[in-house]
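Here is how the chains run, residue by residue.
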Amino acid sequence: MNSTTTDDGYASSTPARDNDEQNRLRVSPNQAPDPSASPAAASTTSPLPRSSTDSEGRPTFSTPWSEDAPLGRRDTLATIHSVEQPSLVEPGFDENILRALCDLDCGVPLLLDRIKQSVVSCREASIFFKKRALIEEEHGKALQKLARSTAEVYGMNDGKAGTFVQAWISTMRVHELMAENRLRFAQRLNEMSEELATIVKEVDKNRKQTKDLATRYERALQESETATEKCKNRLDFTSEELERLLLQKEGESYKDTGVKAHNGGKRAIGKAVGGLLLKGKNPGNIQRQEDDIRARVSTASDQYRKAVTDTQAMRQEYFNFQLPRILRALKECADEIDLGTQYHLTRYAFLFESIILSDGSTLVPTNDEGLGLKATIETIDNRGDFKTYMQNYVYARGGSTAPRKLKNHSEEVGPAVTVYGGPNYAAQNAAPNGIFGLQDRGKPTFGIDLAEQMTRDNVEVPTVITKCCEAIERHGISSQGIYRVSGMTSKVLNLKQRLDKDLNSVDLDSPEWSGDINTVASVLKMWFRELPDPLMTNHLHQGFIEAAKVENERLRHIRLHERVNDLPDPNYSTIKYFFGHLHRINQHAEDNSMSMQNLAIVFGPTLFGQGIEAGGAMADAPYLNQAIETILNHYTDIFIDESES
């Protein structure tokens, strides 16, 4: 047995056999594999999982017939297509690459190393997308929070009105739009990161499965070659034993004639020696020994022939069928992860460009899509705003000499604009019929006990609530941040005074109020805050907090339902109506961004009041919001009877 070692350290055995046997066992380069040659061939034609062996720690396979290996593996694809088998190479697959890989001794480890590199690259891209998404998400949330809080704080403060506040609100909306774009970008990046991670996982799994499959095929071929080598050694040994016996038997035939000189030479001497060795032995025993050895030679020859046939069939199946399938599976695996990585990188580039262009179009809109940020800031008219403020301020200080001194100036700049707020409110109330000439009907609604005004007006729900809620549902149910975005302080106080003096005469459908629906929402919140006893009542305040602290969702719902049922009838009917209104607002959350949680944050402190102690109210704020959110989530179960539904 001769042992050879390949260049990469993979040792394989090469059986030593005669030239006639080698020529007989050679595989024609164009010979098609016989499917019936190996029963295992029929059982191994199922689709292959992707993966094979690593090049690290596993030497390249080398065939035992080293000088014939190129013949056995040459033109592999032609051999495959010559058999009536489904095509292993689909249209569009690079047949030349597969053919070149089949001709290489290191095709499998080459692809495995390539897949390793691709997996590392794909994993790095996935990690980058994840980290970039985190940065974009934090940036978007921070910018969104800043824009909204700034708009809300400005609405609560007594800042400049006029063109400045319009430009300021528009600026905050621009920033909010940019924040929303960043959040959508972060969401897409997270999706791409997860998709790449899934590709890495699947490709790595397929690679390991194909690795195990290729290892099994190569191990089986090596074992078959080893068995063939053993059969050949056994045949050689029995053949030599038979040859010695025949030489000995031939030497016995000369024992009576002796050694003749003219037949001299080494062979004659050997025969004579053989005869001396067999001298005295029974010829019958010698014949039986010869027959036994011949039988063993025949058996060894048959076993060797069968082993050679089986090994050759296995080699043909492996190199002409299984190896191309394994290489194709690995190549497809490498293509899948490479193309997947490139696709997501291209998608990332497109999304990145889109977000930059979107920010640009938000800052500088094209055509008639509106004013950009710079153009919006340029609309601020400081001189006009100051003139308007001066007129209103002087008029609110009626009775002084200032209006008379500015009379001619007022005629120049035009009539006074009805924008009031801050210190003007006290002056407005000082006028006999208010600045709008409204008659006080003697039915105030702000700061009046709930049960008292409902009994006075003979209604089940205060008229101011139904009037404001219906207007909001008609004109502001899709308005971004309704109830969260406050109206201008001056306009809120103006509308409050109108409603308090003559509720029925105020038309909330007029452009003055329908065009600025946040003012109506702010007045409604102010009405709740000015109730002497909060809508949820001070008496049940602590009970609602204890119910909201229950961690179990179902039990918390039951406890809060009990507290709602404990409310006085005027409070219960008002809450039922108003929470139904909020429930309808939430049904348009995709447009107005008012989720149940956002509504609870807005109305938690409003409906419960500030409590007895300010410090306690701050500590209990999360539970108040939790109570409102739970009641809203279970509005139907708490307020709607089966007969009503």
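The coordinates are above.
Residues numbered from 1 in each chain as written. Predicted model: local features only at pLDDT ≥ 70, side-chain atom pairs only at ≥ 80, totals over all residues. Heavy atoms only, no water.

J.: Looking at this structure, how should I read the overall build of the protein chain?
T.: Regarding its fold elements, the protein chain presents 26 helices and 2 strands. The buried share of the protein chain, reckoned over its 645 residues, is 41%. Intrachain contacts of the protein chain at a sequence separation of at least 6 include 82% that bridge at least 24 residues. (Helix = DSSP H or I, 4+ residues; strand = E, 2+ residues; numbered from the N terminus. Buried < 20%, exposed > 50% of the residue type's maximum accessible area, 1.4 Å probe, protein only. Contact = heavy atoms within 4.5 Å.)

J.: How do you make sense of the environment of L624 when you look at a structure like this?
T.: With respect to the helices and strands, the residue L624 is situated in helix α25 (residues 614–633). Each C-alpha atom of the pair L624 and I545 lies 6.3 Å from the other, and the pair is 79 residues apart in sequence. Not counting residues up to four positions away in its chain, the partners in contact with L624 are H541, I545, G604 and F608.

J.: Just to check I follow, could you spell out unusual backbone geometry for this structure?
T.: Backbone geometry follows two general trends: most residues other than glycine have a negative phi, and most peptide bonds adopt the trans configuration. Even without being glycine, T537 reaches a positive phi, approximately 70°. Structurally, the position occupied by T537 is in the loop between α19 (517–529) and α20 (541–548). Residue class for T537 comes out buried when judged on its relative accessible area of 5%. With phi around 60°, S593 is a residue other than glycine that occupies positive phi space. Along the chain, S593 turns up in the loop between α23 (589–592) and α24 (596–608).

J.: Got a minute to help me understand the packing of aromatic side chains in this structure?
T.: The geometry of two aromatic rings is summed up by the distance between their centres and the angle between their planes. All chains considered together, the criterion is met by 19 aromatic pairs. Measuring from centroid to centroid gives 5.3 Å for F129 and Y348, while their planes differ by 35°, and the two rings are tilted. Taken as a pair, F129 in helix α6 (residues 107–156) and Y348 in helix α9 (residues 283–363) lie far apart in primary sequence, 219 residues in all. Y348 shares its class with F129; the two are buried. Ring centres 5.4 Å apart and planes at 40° place the aromatic pair Y635 and F639 in the tilted group. With Y635 and F639 both in helix α26 (residues 635–639), this residue pair falls 4 residues apart, about one helical turn. On the accessibility criterion, Y635 (10% relative accessible area) is buried. Following the ring pairs from residue to residue traces out a cluster consisting of F128, F129, F185, Y348 and F352. The lysine or arginine in question, K160, covers the ring of F164, its NZ or CZ lying 4.5 Å from the ring centre. Over the ring of Y623 we find K549, and its NZ or CZ is 5.1 Å from the ring centre. (Phe/Tyr/Trp six-rings, centres within 6.5 Å; stacked < 30°, edge-to-face > 60°. Lys NZ or Arg CZ within 6 Å of the ring centre and 35° of its normal.)

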